[in-house]
Amino acid sequence: MTNAKMAAASGVFRTASGLRDSLSEIYKCTLNATLPGHSAEELARVIFRGVRAQEEDDRHGNDTELSCIGLTVIGRTISIATSTALKPDLASFYQLALQVLFEDMDAMSLLVANFSCQDKFISHLAAKSAASWVLCHLRMSVSIQYVYFRFCCHNFFKFLHLNCQLILVWIFPPNVKALTGQSYQFDVTSFQGVVSPAWRQACERAFLSSAAGPTLDACVWSLSYVLKMLLKDNCQDVVKVVLMAFDASISALVSRFLPADVWQHADVDTFCLLLDLLELLTASSETCAYASSQKLTHVHAATLMAVVSRSPQYFVSKRAALLLKRAALRKAGEDWLVGARLPVPPTALAADVTSLARTVLDGVAADWLLSIRVASASFFGGTSDIGGGRQGGDGVMLRAVSLLVIKCVERNVRVTSAGAEARGYLRSLWSFLRKTQVVHTCHLLTLLFSEQDDDMMEAAKALLAIFLHIRENSPLDDSDPGEAACASGCNPHCHFLFVLQSVAFDHRVLLDFLISMETCFLEYLVRYLKYLRTDWRGFTAACRRVGETTTESDSGQVGTRSGRSLVDYDSSDESDPDTVEGSRGWTASGGKTQTNMAACQTLVQAVACLSKLRLLVSNLQAKKMFPYNAESLIKLLTHVEKCEGQSR
């Protein structure tokens, strides 16, 4: 652009309307992936003036709209500059504009200043623009230094025919592992400079001293956004750079806001953002553990439990319960880390999970469950079921608390082998859940988790592990071990039969579970079938108990498979008639005859379901259409049919 044109353009955007037109033109160009009618330097000046518009009262009349447009254009410019689908010359143009904007004009300081803006929209846009630039700069800087380091290593090895490894270790001591064939490791201290100093200093000041408000909210949100995007992209080394830079200040922030006399009066928005940050820190520890701030959820578990039971805002209690549940399951960030997780070995987090389990179970022993407030179940259009069915508690809260306790009991049993304690904790949980009456304690599993398949399988797998550890280390002193297990609510046969019943004994649903990556059903099914081989008598006895439960629950009920069922699978046109035909028309019989027939029917349906599943999996395996080798599973399913045949 000539000097005359640049001067003319400069005069145009000195007025509010001219600046607005220029920003709109740039925004359209970023949307259409075209070059604007400005040089890179002029484009940077237009954006900078737009962001500063509300500060220039004499020129633009405190124009908030211009600031919003300018902040939005920064985000679009960063997006197009980092796109790999555009022509190199186009991306280079916008990269040069960003370099002028952030390095020559120090736009980051301007963005950080807008964090404290009382207009929440501007504060949020400034935080998002700052986080986007931090991400862009981190990725580019770390990538360049990584490539340079590998280039140096390659040339040393290529041209030096002596003990190059010793030379390189002397020159690059922090990167020894990269030279010995192991994974590449960064020297974090040499990369601290790539984290924007202005942004880092502003966040650290806010974390260490700022009260709840726009500035702290913007800082917490921007850091959370950076971590989330890096975790989604699986940039473990860059996550390490960011966490090490903020480790001390994050720990100080959490310590300031989690004491009871603070969080009970803290701003709700700020506290929810803090819970989001804690989940991100916990999720980062699942890929690689290296900072003390990654353990904050486990360290402050007792305080988070207090939030669950005593927070004035119910939705805050629910979010804290979900955070604890995900930490216990090692599934923090499961809503957005789809396919991106590369978990560390279980032993790496064993101490943290054990500490969390001990804290939760101490709370259960101190009647923490009784202090939890559970809202009424919500339905479309209100909080009551106009269909005349039962009105239970909030399923999300109940499932979160229940699965948290179950997983903590499982962890505690693995570490201490204390069977009596485990049964006591489970009885406390069932008492907490039995505000809704049930015939059979084991039935609570599917009644509670039937709307959430992944949680149901996690709970079933954990209860199976609890039962097996109790049986191995402290055998049940009872003439009927099955009855004793049912009293504790952890009879694996009953759980498995109720799971089958919850899907109407439909083998096709089980197949969906087997090939799905969203549940642990494969692991659970294999473990259970291995146990079933050793206790067929217990399985048949469980069929009787489940049959009795179904009969008692169905008395007085019309049109449901079970009196407590949340979903009526029997009404589905998709169901296999062979698997459900026997469940209808038996209520005419009475007393023991009806119960015995129901028990027999349960056994027949369960074996038929597993038999059909075996045939279906075998056919898919033969056609090489099954996603993994299922030979072991097929053998276990075949053994069920053999046991059933021998018991006739």
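Numbering of residues starts from 1 in every chain and runs along the sequence as written. pLDDT decides what is reported in this predicted model: residues at 70 or higher carry local features, side-chain atom pairs at 80 or more are listed and counted, and totals for whole chains, interfaces and linings draw on all residues regardless. By convention in this description, side-chain values take in all heavy atoms of the structure and omit both hydrogens and water.

Remarks on the overall build of the chain
And step 1. Helix and strand definitions follow DSSP, with helices as H or I runs of at least four residues and strands as E runs of at least two, each counted in order from the N terminus. Of regular secondary structure, the chain possesses 31 helices and zero strands.
And step 2. Any residue under 20% of the maximum accessible area for its type is buried, any over 50% is exposed, and the rest in between are partly exposed; the area is computed with a 1.4 Å probe on protein chains only. Residues classed as buried in the chain amount to 51% of the 648 residues present.
And step 3. Any two residues having at least one pair of non-hydrogen atoms within 4.5 Å are treated as being in contact. Considering only residue pairs separated by 6 or more positions, the chain has 71% of its internal contacts joining residues 24 or more positions apart.

A short note on the environment of Ala 460
And step 1. In this fold, Ala 460 is placed in helix α23 (residues 453–473).
And step 2. Judged by its relative accessible area of 1%, Ala 460 is buried.
And step 3. Spatially, the C-alpha atom of Ala 460 lies 9.7 Å from that of Cys 520, the residues being 60 residues apart in sequence.
And step 4. Ignoring any residue separated from it by four or fewer positions in sequence, one finds Ala 460 in contact with Leu 445 and Tyr 524.

Section: helix α20 (residues 395–416)
Given 3.6 residues per turn, any residue in an α-helix points the same way as the ones three and four places further on.
And step 1. Take the residue count of a helix, subtract one, and multiply by 1.5 Å to get its expected span. Between the first and last C-alpha of α20 there are 31 Å, a value that for 22 residues agrees with the 32 Å anticipated at 1.5 Å per step.
And step 2. The buried fraction of α20 amounts to 16 of the 22 residues, a majority that puts the element mostly inside the structure.
And step 3. We call two N or O atoms a polar contact when they sit within 3.5 Å, provided that within protein one can donate a hydrogen and the other can accept it, with sequence-adjacent residues counted only if both atoms are side-chain atoms. The opening residue of α20 is Asp 394, an N-cap whose side-chain oxygen sits 3.2 Å from the backbone nitrogen of Val 396.

Considerations on helix α26 (residues 507–515)
And step 1. If you check which residues of α26 are buried, you get His 507, Leu 510, Leu 511, Phe 513 and Leu 514. In an axial view of α26, the angular spread of the buried residues amounts to 160°, which keeps them on one side of the axis.
And step 2. Capping the start of α26, Asp 506 holds a side-chain oxygen 3.0 Å from the backbone nitrogen of Arg 508, two or three residues further along. Working note: the arc is built from the helix axis to C-beta atom directions.

A word on the packing of helix α13 (residues 236–257) against helix α15 (residues 268–285)
And step 1. Inter-axis angles, ranging from 0 to 180 degrees, are taken between N-to-C directions of lines fitted to C-alpha atoms, where helices are fitted over the stretch in contact. In contact at an axis separation of 12 Å, α13 and α15 are set at 135° when each is read in the N-to-C sense. Taken together, the axes of α13 and α15 are oblique relative to one another. Relative to α15, α13 is oriented so that their crossing is left-handed. Only Thr 270, Phe 271, Leu 274, Leu 277, Leu 278, Leu 281 and Ser 284 of α15 make contact with α13, whose side of the interface consists of Val 239, Leu 243, Ile 250, Leu 253, Val 254 and Phe 257.
And step 2. In the scheme used here, Gly and all other residues not listed as nonpolar or charged are polar, with Ala, Val, Leu, Ile, Met, Phe, Trp, Tyr, Cys and Pro taken as nonpolar and Asp, Glu, Lys and Arg as charged. For the contact of α13 with α15, a count of residues per class yields eleven nonpolar, two polar and no charged. In this scheme, roughly parallel covers angles under 35 degrees and roughly antiparallel covers those over 145, while 65 to 115 is roughly perpendicular and the rest are oblique. Crossings are sorted by hand: turned counterclockwise from the far helix by less than a right angle, the near helix makes the crossing left-handed, and turned clockwise it makes it right-handed.

Describing the nonpolar core
And step 1. Ranked by size, the top nonpolar core spans 194 residues in total, and within it Leu 138, Trp 199, Phe 207 and Phe 246 carry the most contacts.
And step 2. Excluding residues that lie within four positions of it along the chain, Phe 207 makes contacts with Leu 216, Cys 219, Val 220, Leu 223, Phe 246, Ser 249, Ile 250, Ala 252, Leu 253 and Arg 256. Working definition of a nonpolar core: buried Ala, Val, Leu, Ile, Met, Phe, Trp, Tyr and Cys residues. They are joined through side-chain atoms within 4.5 Å.

Remarks on the packing of aromatic side chains
And step 1. Note on aromatic pairs: the rings of Phe, Tyr and Trp (six-membered ring only in Trp) are paired at centre separations within 6.5 Å, and the planes decide the class, stacked below 30 degrees, edge-to-face beyond 60, tilted for the rest. Scanning the model with the defined rule gives 13 aromatic pairs in all.
And step 2. With a centroid separation of 5.1 Å and an interplanar angle of 10°, the aromatic rings of Trp 221 and Tyr 225 are classed as stacked. Residue Trp 221 and its partner Tyr 225 are located together in helix α12 (residues 214–232), separated by four residues, close to a single helical turn.
And step 3. With a centroid separation of 6.4 Å and 50° between ring planes, the pair formed by Phe 496 and Tyr 524 is classed as tilted. You can see Phe 496 sitting in helix α25 (residues 492–502) and its partner Tyr 524 sitting in helix α27 (residues 521–532), a full 28 residues away along the chain.

Some words on unusual backbone geometry
And step 1. A positive phi is found at Ala 33, a non-glycine position, where the angle reads about 55°.
And step 2. Topologically, Ala 33 is positioned in the loop between α2 (16–32) and α3 (40–51).
And step 3. Taking relative accessible area as the criterion, Ala 33 reaches 29% and is therefore assigned partly exposed.

As for the pattern of salt bridges
And step 1. Counted as salt bridges are all cases of a side-chain nitrogen of Lys or Arg within 4 Å of a carboxyl oxygen of Asp or Glu. For the structure on display, the rule yields 21 salt bridges.
And step 2. Among the salt bridges present, the one from Asp 362 reaches Arg 358, with a minimum N-O distance of 3.2 Å. Placement of the pair is Asp 362 and Arg 358 together in helix α19 (residues 350–365), with a separation of four residues, close to one helical turn.
And step 3. On the basis of relative accessible area, Asp 362 is assigned to the partly exposed category, the value being 43%.
And step 4. The exposure class assigned to Arg 358 is partly exposed, which follows from its relative accessible area of 30%.
And step 5. What emerges from the salt-bridge pattern is a single network uniting Lys 331, Glu 458, Lys 461, Glu 523 and Arg 527.

Some thoughts on the side chain of His 495
And step 1. One can find His 495 in helix α25.
And step 2. Residue His 495 is classed as buried on the basis of its relative accessible area, which comes to 2%.
And step 3. When sequence neighbours within four positions are dropped, the list of residues in contact with His 495 reads Cys 442, Leu 445, Leu 463, Gly 489, Cys 490 and Tyr 524.

What to know about the side chain of Ser 488
And step 1. With respect to the element layout, Ser 488 can be found in the loop between α24 (481–487) and α25.
And step 2. If near-sequence neighbours (up to four positions away) are discounted, Ser 488 is found in contact with Arg 423, Leu 426, Arg 427 and Trp 430.

Let's talk about the state of the cysteines
And step 1. We call a pair of cysteine sulfur atoms a disulfide when they lie within 2.5 Å. Tallied over the entire structure, the rule returns zero disulfides.
And step 2. Between Cys 442, a cysteine without a disulfide, and Cys 486, which holds the nearest cysteine sulfur, the sulfur-to-sulfur distance is 4.2 Å.

As for the confidence of the model for the chain
And step 1. pLDDT is a per-residue confidence score from the predictor, ranging from 0 to 100. Residues of the chain with pLDDT of at least 70 account for 75%, and the chain-wide mean is 80.
And step 2. This model gives residues 156–191 a pLDDT under 50, and the stretch forms 48 contacts once residues within four places in sequence are excluded.
And step 3. Between residues 555–591, whose pLDDT stays under 50, and residues either more than four places distant or in other chains, the model counts 59 contacts.

A word on the environment of Leu 329
And step 1. Topologically, Leu 329 is positioned in helix α18 (residues 314–329).
And step 2. Separated by 24 residues in the primary sequence, Leu 329 and Val 353 have C-alpha atoms spaced 9.0 Å apart.
And step 3. Leu 329 has contacts with Leu 403, Lys 407 and Glu 458, leaving out every residue within four places of it along the chain.

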